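Topology and contacts: notes
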Amino acid sequence: MNNSNEQLNEDWKPDFGTIFFWPAMDKYGKIALMVNNCWGDLPKALLSNSHSISLLDPFTEHIFDGLDMYSQYSYRKHGETVLDLYSGLTYKECKNRQEVENSVAENSKREPINDEGLPAKKGLFVYYAVEGCRPGHDFVVGYDGETKMGDYFRYLIPTIYASIEDFTKELRPAITVSDTVDFTKDRLFDNDKISEYFPRMYS
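Presented here is an overview of the structure given in this document.

What counts and how
Residues numbered from 1 in each chain as written. Predicted model: local features only at pLDDT ≥ 70, side-chain atom pairs only at ≥ 80, totals over all residues. Heavy atoms only, no water. Helix = DSSP H or I, 4+ residues; strand = E, 2+ residues; numbered from the N terminus. Rg over C-alpha atoms; globule rule 2.2 N^0.38 Å. Buried < 20%, exposed > 50% of the residue type's maximum accessible area, 1.4 Å probe, protein only. Contact = heavy atoms within 4.5 Å. Lys, Arg positive; Asp, Glu negative; His and termini not counted. Charge placed at Lys NZ, Arg CZ, Asp CG, Glu CD. Core = buried A, V, L, I, M, F, W, Y, C linked by side-chain atoms within 4.5 Å. Phe/Tyr/Trp six-rings, centres within 6.5 Å; stacked < 30°, edge-to-face > 60°. Lys NZ or Arg CZ within 6 Å of the ring centre and 35° of its normal. Expected span 1.5 Å × (residues − 1). Arc of directions from axis to C-beta. Polar contact = N/O pair within 3.5 Å; in protein donor to acceptor, adjacent residues only side chain to side chain. Pairing = 2+ DSSP bridges.

Turning to the overall build of the chain, a few remarks are in order. A count of helices and strands for the chain gives five helices and 10 strands. The C-alpha atoms of the chain give 16 Å as radius of gyration, which agrees with the globular expectation for 203 residues (17 Å, within 12%). Summarising its shape, the C-alpha atoms of the chain cover approximately 45 × 40 × 30 Å along the three principal directions. Residues counted as buried form 52% of the 203 residues belonging to the chain. Sequence-distant contacts in the chain: of pairs separated by 6 or more residues, those separated by 24 or more amount to 69%. Mean positive and mean negative side-chain charge positions of the chain (22 and 33 charges, respectively) differ by 4 Å.

Structural data, given as C-alpha cells:
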C-alpha cells in the first residue's frame, strides 16, 4: 500500500513498512512505474521538489483508473503484459516460471487495474525494488548478476508503449527523467545510483 507522500523530503530515507510509487521516463520517452517496496531509494530530484511530490498520489490514482480529477484524460493501450524478472519471495509458492507467467497473465486482465495490468492497459513498464526483512530474504529470479535490497529490477514489460503524450500536462511534473536509461534494455538499476539514472524532473 502506498503511504502518504507528505513524509517525502530531501531528508527521507528508505525504511521498512513504507512503499512508494514514482513514475519515470527513459531517454526514448517510454514510461515506467517504479515501486520502491520499502527499500528502494527515490531520486534526489524528486525528493527536493515539493510540487512533484504532491503529484505522486494523483498520478498513481490516475494510472490505476481511479475516480480522480483527471479521469477525462484516461486512456487504454489494449496490449499485453510480458513477465521479465520476478521476486522469488513474492512468488515463493510457484513451482516454476510458467506458473508465474500464468499468474501474471490472469491478473493483467482483472479490473480494477493492478500492477500486472499496467503494461497491458496503460503501456507502462513496471520495476520493483528487491524487498525482504533482511539481505537475501528476497532474490531476483532470471537475473544472473548480484542484487541487493533496494535495487530496482524490471518486473513487467508492455507490448504497446505509453509516452508522455498520454498524460495530461498537469501530471507530467511528477515524472522523473533519464538521459541514459533505456527501459527496453535496462533490467536492473543499482539502488545506490538511482539519482544518477534519473537526475531531473519533467518540465
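Now for unusual backbone geometry. Pro112 follows Glu111 through a cis peptide bond whose omega is -5°. Note that Pro112 resides in the loop between α3 (97-108) and α4 (117-122). One non-glycine residue, Cys38, lies in the positive phi region at around 80°. Within the element layout of this structure, Cys38 appears in the loop between β2 (31-35) and α1 (44-47).

As a further point, take the nonpolar core. Counting residues in each nonpolar core, the largest one holds 62 residues, and the members touching the most others are Trp22, Tyr155, Phe189 and Phe198. With near-sequence residues (within four places) excluded, Tyr155 lies in contact with Val82, Leu83, Asp84, Leu85, Tyr86, Tyr91, Val104, Glu116, Val126, Tyr127 and Tyr128.

We now examine the packing of aromatic side chains. Enumeration according to the criterion identifies 20 aromatic pairs in this entry. Between Tyr86 and Tyr91, the aromatic rings sit 5.7 Å apart at their centres with planes inclined by 90°, giving edge-to-face as the arrangement. The exposure class assigned to Tyr86 is buried, which follows from its relative accessible area of 8%. According to the relative accessible area criterion, Tyr91 is buried, its value standing at 11%. Over the ring of Tyr75 we find Lys122, and its NZ or CZ is 4.5 Å from the ring centre.

Before going further, it helps to examine α3. Over its 12 residues, α3 runs 16 Å from end to end, which matches the ideal 16 Å to within 8%, given 1.5 Å per residue. Regarding α3, the residues found buried are Val100, Val104, Asn107 and Ser108. One side of α3 holds all its buried residues, which, seen down the axis, span an arc of 100°. At its buried positions, α3 is contacted by β3 (81-83), β4 (86-87), α4 and β7 (152-158). Capping the start of α3 is the job of one residue whose side-chain oxygen sits 3.2 Å from the backbone nitrogen of Gln98: Asn96.

Now for the pairing of strand β1 (residues 21-25). Burial runs high along β1: five of the five residues are buried. Here β1 shows a buried face lined by Phe21, Pro23 and Met25 and a second buried face lined by Trp22 and Ala24. Sheet topology places β1 next to β2; five bridges connect them, and they run antiparallel. Residue pairing for β2: Met25 is matched across the bridge by Ile31. Hairpin connection, β1 to β2: the antiparallel pair is bridged by five residues, and Gly29 has positive phi, about 90°. When β1 meets strand β8 (residues 176-177), the two strands line up parallel, connected through two bridges. The residue bridging Ala24 from the neighbouring strand is Thr176, located in β8.

With that settled, the discussion passes to helix α2 (residues 50-63). Helical geometry: 3.6 residues make up each α-helical turn, so side chains three or four residues apart lie on a common side. In this model, α2 (14 residues) spans 21 Å end to end at C-alpha, consistent with the 20 Å of a helix rising 1.5 Å per residue. Of all the positions in α2, only Ser52, Ile53, Leu55, Leu56, Phe59, Thr60, His62 and Ile63 are classed as buried. Taken together, the buried residues of α2 touch β1, β2, α1, α4 and β10 (200-201). Two to three positions downstream of the cap, the backbone nitrogen of His51 sits 3.1 Å from a side-chain oxygen, assigning the N-cap of α2 to Asn49. Looking one or two places after α2, you find Asp65, whose phi comes out positive at around 60°.

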